[in-house]
Amino acid sequence: MCHTDVHMGLNEFGGTTYPFVPGHELVGVVTAVGKDVTRVAVGANVAVGCTSDSCMECDMCEAGEENYCRKGGHTHTYNDTKKHGHLGGNQETQTFGGYSKSQVVHERFIIILPEGMPLARAAPIVCAGITVWDPLRHWGATKTDKTLNIGIVGIGGLGSMGIKLASALGHRVTAISSSEKKRELAMRKGAISEVKNLDLILNTISAPHEIQQYINMLGTNGTLVQLGAVAVPVLINQFSMLHGRKSVAGSLIGGIPAVQEVIDFCFKNDIYPDIEIVDCERICEVYNKLVEGNDGGVRFVLDIEKSATL
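All figures in this text were calculated on a predicted structure; none of them were measured in a lab. By convention here, each chain's residues receive numbers from 1 onward along its written sequence. Selection of residues for local features in this predicted model requires a pLDDT of at least 70, selection of side-chain atom pairs for listing and counting requires 80 or more, and totals for whole chains, interfaces and linings are taken over all residues. Side-chain numbers come from the whole structure's heavy atoms, not from hydrogens or water.

### A short note on the pattern of salt bridges
Step number 1: Here, a salt bridge means any side-chain nitrogen of Lys or Arg that lies within 4 Å of a carboxyl oxygen of Asp or Glu. Applying the stated rule across the entire model yields 13 salt bridges.
Step number 2: For R108, the salt bridge identified is with E66, shortest N-O distance 2.9 Å. Taken as a pair, R108 in the loop between β4 (75–76) and β5 (111–112) and E66 in the loop between α2 (59–62) and β4 lie far apart in primary sequence, 42 residues in all.
Step number 3: Type-normalised accessible area, obtained with a 1.4 Å probe on protein chains alone, sets the label of each residue: buried when under 20%, exposed when over 50%, and partly exposed for intermediate values. By relative accessible area, E66 is classed as buried at 3%.
Step number 4: If you follow the salt bridges from partner to partner, you end up with E276, R282, E285 and K289 in one network. Runs of E in the DSSP output that reach at least two residues are strands. Runs of H or I that reach at least four are helices, and both are numbered from the N terminus.

The structure is reproduced here in structure tokens:
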């Protein structure tokens, strides 16, 4: 369960189509395959993330960055149009997400889970994990011998995963939060004390806030990457960016190869989000916790099988 589910459910971004079925962190077992499917077989443990379709033809799709598909954008797993023609069912209806008993997608958008990977703990990796992994990957933190100074802003479910991944890659990680009580939480997840002149900052905050203070923490050639879905503009002191050639950028989840990469990395290095499994009767409670800031840094996982019996 993702904070985006809350934003979209409440129509905070505009454009939500009702009836609305959220969920873009799906894990389960393959129950049937088409005659031409070769990547997966019945009985395999798999996942579906935020992207369930794309044109598969443009340069971005060919580069494995389907999330930046140039022909109308990728198809989001929920609340999107079936614009690319690779999803079945009524083409006039919107996509419905993982708060449901089954899902049918093209094999290209299936993430294969390694044998032995716990399903419930794998689920948030295809959203929270890839959201922080892809900017680490793009800005050179996943394939370098250099130890970078990396800041993570916001120590909720997303930020906690960022701390774990950046630390596992061998970098010096600074947790940045307005909440003093999250200091111990961040240290347990692998963060160290404050480091100035940061090379890269991942800002995971999903509520309106000022970002100038984070720009000021960057070193020369440093980049602040905005990951939280915030719909209001922010003010930036341009002079603070000129001195030091600093940048502010954004990043949206990741392509299918990158999602598979972070799944495999997490399995190999035994890195998982801290989770709490809930059923459908607790959805409103969980949404309220996410709105309030998710102080425990936990990712909530919805048990669909149990929920279907209630």
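From this point, the discussion proceeds with the structure in view.
### A look at empty space enclosed by the protein
Step number 1: Grid points spaced at 1 Å and placed over the protein atoms alone form the basis of the search, with a cavity being a set where a 1.4 Å probe fits but cannot get out and a pocket an open set showing protein on both sides within 12 Å along at least five of seven lines. Lining residues have an atom within 4 Å of a point. Grid points are joined across faces, edges and corners, and a volume is the space filled by probe spheres set on the points. Taken as a whole and judged by the stated rule, the model has 1 cavity of 30 Å³ or more.
Step number 2: There is about 60 Å³ of room inside the largest cavity.
Step number 3: Contributing to the lining of the largest cavity are G49, C50, T51, F109, I111, V126, I130, I253, G254, I256 and V259.
Step number 4: Considered class by class, the residues forming the lining of the largest cavity number 8 nonpolar, 3 polar and no charged. Residue polarity is assigned by list, with Asp, Glu, Lys and Arg as charged and Ala, Val, Leu, Ile, Met, Phe, Trp, Tyr, Cys and Pro as nonpolar; anything else, Gly included, falls into the polar class.

### Considering unusual backbone geometry
Step number 1: With an omega of 5°, the peptide bond running from Y18 to P19 counts as cis.
Step number 2: In this structure, P19 sits in the loop between α1 (3–9) and β1 (26–29).
Step number 3: Residues other than glycine seldom take positive phi values, yet N79 does so here, at roughly 55°.
Step number 4: Here N79 is to be found in the loop between β4 and β5.
Step number 5: Classification of N79 by relative accessible area gives buried; the value is 14%.
Step number 6: Even without being a glycine, N221 presents a positive backbone phi close to 65°.
Step number 7: Structurally, N221 can be placed in strand β9 (residues 218–226).
Step number 8: Overall, N221 belongs to the partly exposed group, its relative accessible area being 41%.

### Re a nonpolar patch on the surface
Step number 1: Every patch collects residues that have over 30% relative accessible area and no salt bridge, joining them within 9 Å if they carry like charges and within 5 Å if they are nonpolar side chains (Val, Leu, Ile, Met, Phe, Trp, Tyr). The Shrake-Rupley method, run with a 1.4 Å probe sphere, supplies the accessible areas, and residue values consider only the shown protein chains as cover. A grouping of V234, I236 and V248 is seen on the molecular surface, where their side chains present a nonpolar patch of about 190 Å² in accessible area.
Step number 2: One can find I236 in the loop between β9 and α8 (238–242).
Step number 3: On the basis of relative accessibility, which here comes to 36%, the residue I236 falls in the partly exposed class.

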